[in-house]
Amino acid sequence: MKLVIFAGGVGSRLWPLSRKNTPKQFEKIIGDKSTLQQTVERLSPQFSFSDIYVATGKRYEETVREQLSQIPPQNFIFEPEMRDVGPAIGLVAYLLNKKFPDEPIAILWSDHLVKHIETFKKSLKLAEEAVEKEHSPFVFIAQKARFANQNMGWIELGVKKDERDGIEMYNFKRLVYRPKLGEAQTFLKDKNFVWNLGYFVSTPAFLVSMYKAYAPSMQQGLEKISDAFETDRFEETLAQEYMLLRKVSFDDLILVKLRPDNVLVLSADLGWSDVGAWESLKEALSTNEEETVTKGKVMVEDCKDSLVFNYTDQLLVGIDLDDMLIINTGDVILVCPKKSVPKIKKLVESLSGTAHEHLA
């Protein structure tokens, strides 16, 4: 099986740590290595570095090659510009389809925290087996829901088929992308819904067939890029055609249209968290809701349910904080309630064309 790690997002919800030139996946958010490096390391030794591919933006080429020197140089796929996840997965599918169309490939992401690593690796192996032996063309790897998350997709489970080592296998019923709060609360109580993490195992050939069926205008451009792959026309064709592809999420482009025929869902507690936003990071690192999470040179007194991160040598002190975020990167200090995190993206966008544009 080949494993493809996507590392192209900017991560404006984690600003001011994550920025256009230094996105979150290349930063040491947790521990002394970047989340991208941690993503690669958690696959070892069950999976060889030669089977791991990394897809990211061309502007980050130097960074990813430096951070992942163990990955073969030819296993990097560089997008000439960001066009969202729909085109990004399409590009990978079409290129890998030229090399091994029927071999299982796992789609993974570089900015997640996975605490239960052995369960995660067992899930990958089980999904690979399902594609190869049970002829399932598409297998989701999902997380059992912990709260009513509105910022991701939810999968409704069908009939339970099997269970191994705490990993449950179900038929796929449907995907609901970013439900409203009331709907997410209903899903949480239902217990028949799980979080879609964006992790799945399929084959390049099946993914290509999905683009042909559900994104015919996009597949024309992807075919031109694929035809030029491993020729002296490739870089020029990629630059010309990729910028013409519509910006659209993979969920909207493909997943919400996915027919349930033979599609499976693996449900397990992976200890998964999306650390792409400050409030998500706080939830991931807390042992309970009331706990205040700190990093760096920080002192807190009578604080609860807050996150205080200091990336400088200056002492940062917080007193009587409740439900707050304080982030100090040296050139920016962010202070806001956790509930205000959705406003960060708009603020970052507003920096364009101002004297503070370099901080975006």
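Residues numbered from 1 in each chain as written. Predicted model: local features only at pLDDT ≥ 70, side-chain atom pairs only at ≥ 80, totals over all residues. Heavy atoms only, no water.

Caption draft 1: Spatial organisation of helix α4 (residues 117–133). Helix length check: α4, at 17 residues, gives a terminal C-alpha distance of 24 Å against a target of 24 Å (1.5 Å per residue), a fit within 8%. Residues of α4 that are buried: Phe120, Lys121, Ser123, Leu124, Leu126, Ala127, Glu128, Ala130 and Val131. (Helix = DSSP H or I, 4+ residues; strand = E, 2+ residues; numbered from the N terminus. Expected span 1.5 Å × (residues − 1). Buried < 20%, exposed > 50% of the residue type's maximum accessible area, 1.4 Å probe, protein only.)

Caption draft 2: Expanded view of the state of the cysteines. Counting across every chain of the model gives zero disulfides. Distance from the sulfur of Cys303, which forms no disulfide, to the nearest cysteine sulfur (Cys336) is 15 Å. Overall, the relative accessible area of 18% leaves Cys303 in the buried class. On the accessibility criterion, Cys336 (9% relative accessible area) is buried. (Disulfide = S-S within 2.5 Å.)

Caption draft 3: Highlighting the pairing of strand β8 (residues 167–177). Pairing geometry for strand β7 (residues 153–164) and β8, over nine bridges, is antiparallel. Bridge assignment links Arg164 to a residue of β8, and that residue is Ile167. Following β7, the chain reverses through two residues before pairing antiparallel with β8; Asp165 in that reversal takes a positive phi of roughly 50 degrees. With four bridges connecting them, β8 and strand β10 (residues 264–268) associate as antiparallel partners. Paired with Tyr170 across the strands is Val265, a residue of β10. (Pairing = 2+ DSSP bridges.)

Caption draft 4: Focus on a nonpolar patch on the surface. Together, Met299, Leu315, Val317 and Ile319 give the surface a local cluster of nonpolar side chains, amounting to about 380 Å² of exposed area. Relative to the helices and strands, Met299 resides in strand β13 (residues 298–301). (Patch = residues over 30% accessible without salt bridge, like charges linked within 9 Å, V, L, I, M, F, W, Y side chains within 5 Å. Areas by Shrake-Rupley, 256 points an atom, 1.4 Å probe, with all protein chains shown as cover. Salt bridge = Lys/Arg side-chain N within 4 Å of Asp/Glu carboxyl O.)

Caption draft 5: Region of interest: the layout of surface pockets. Estimated volume of the second largest pocket: approximately 290 Å³. Taken together, 16 residues form the lining of the second largest pocket, with Phe76, Ile77, Phe78, Phe234 and Glu235 sitting closest to its centre. Here the residues of the lining of the second largest pocket are counted per class, giving 11 nonpolar, one polar and four charged. (1 Å grid on protein atoms, 1.4 Å probe; cavity = no way out; pocket = protein on both sides within 12 Å on 5 of 7 lines; lining within 4 Å. Points joined across faces, edges and corners; volume = space filled by probe spheres on them. Nonpolar A, V, L, I, M, F, W, Y, C, P; charged D, E, K, R; others polar.)

Caption draft 6: Region of the structure containing the packing of helix α7 (residues 216–228) against helix α8 (residues 234–242). Where α7 meets α8, the axes come as close as 8 Å, and the angle between the chain directions of the two elements is 170 degrees. If you check the angle between α7 and α8, you find them roughly antiparallel. Touching Gly221, Lys224, Ile225 and Ala228 of α7 are Phe234, Thr237, Leu238, Glu241 and Tyr242, all from α8. Across the contact of α7 with α8, the residue classes break down as five nonpolar, two polar and two charged. (Axes fitted to C-alpha atoms, helices over the stretch in contact; angles between N-to-C directions. Parallel < 35°, antiparallel > 145°, perpendicular 65-115°, else oblique. Contact = heavy atoms within 4.5 Å.)

Caption draft 7: Summary view of the nonpolar core. Among the nonpolar cores identified, the biggest contains 94 residues, and Leu124 and Tyr211 are the most heavily contacted of them. In terms of residues, this core owes the most to one element, helix α3 (residues 85–97), which gives eight residues. Sequence-distant contacts of Leu124, defined by excluding residues within four places in its chain, comprise Met1, Leu3, Leu43, Phe47, Ala106, Leu108, Ile141 and Val201. Membership of the second largest hydrophobic core comes to 24 residues, among which are Trp15, Val293, Leu334 and Ile344. (Core = buried A, V, L, I, M, F, W, Y, C linked by side-chain atoms within 4.5 Å.)

Caption draft 8: The sheet that holds strand β17 (residues 333–337), seen in detail. If you trace the four strands from one edge of the open sheet to the other, you get β12-β14-β16-β17, paired in mixed fashion. The two strands at the open ends of the sheet, each matched to only one other strand, are β12 (293–295) and β17. Between one strand axis and the next, the sheet turns through 5 degrees on average, direction left out of account. One ladder, built from five bridges, connects strand β16 (residues 324–328) with β17; its direction is antiparallel. If you follow Leu325 over to β17, its bridge partner there is Cys336. Its contacts with the sheet place helix α10 (residues 278–285) against β12, β14 (307–310), β16 and β17, and it is angled at close to 100 degrees to β14.

Caption draft 9: How the structure looks around the environment of Asp305. Looking at the secondary structure, you find Asp305 in the loop between β13 and β14. Separated by 219 residues in the primary sequence, Asp305 and Gly86 place their C-alpha atoms 36 Å from one another. The contacts of Asp305, once residues within four sequence positions are left out, are Lys282, Glu289, Glu290, Glu291, Thr292, Asp322, Asp323, Met324 and Lys338. Among the polar contacts made by the side chain of Asp305, one reaches the side chain of Lys282 at a distance of 2.8 Å. Side chain to side chain, Asp305 and Lys338 meet in a polar contact 3.4 Å long. (Polar contact = N/O pair within 3.5 Å; in protein donor to acceptor, adjacent residues only side chain to side chain.)

Caption draft 10: Structural view of α8. Along α8, the residues that are buried comprise Phe234, Thr237, Leu238, Glu241 and Tyr242. Here the buried residues of α8 occupy an arc of 105 degrees about the axis, which is enough to place them on one side. α8 presents Glu235 and Glu236 as exposed residues on the side facing more than 90 degrees away from its buried surface. Tucked into the core, α8 has its buried residues touching β3 (76–79), α3 and α7. (Arc of directions from axis to C-beta.)

Caption draft 11: Examining empty space enclosed by the protein more closely. By the definition in use, this model includes one cavity of 30 Å³ or more. As a volume, the largest cavity reaches approximately 40 Å³. Thr39, Arg42, Leu43, Leu108, Trp109, Phe120 and Tyr199 are the residues that line the largest cavity. In terms of residue class, the lining of the largest cavity is made up of five nonpolar, one polar and one charged.

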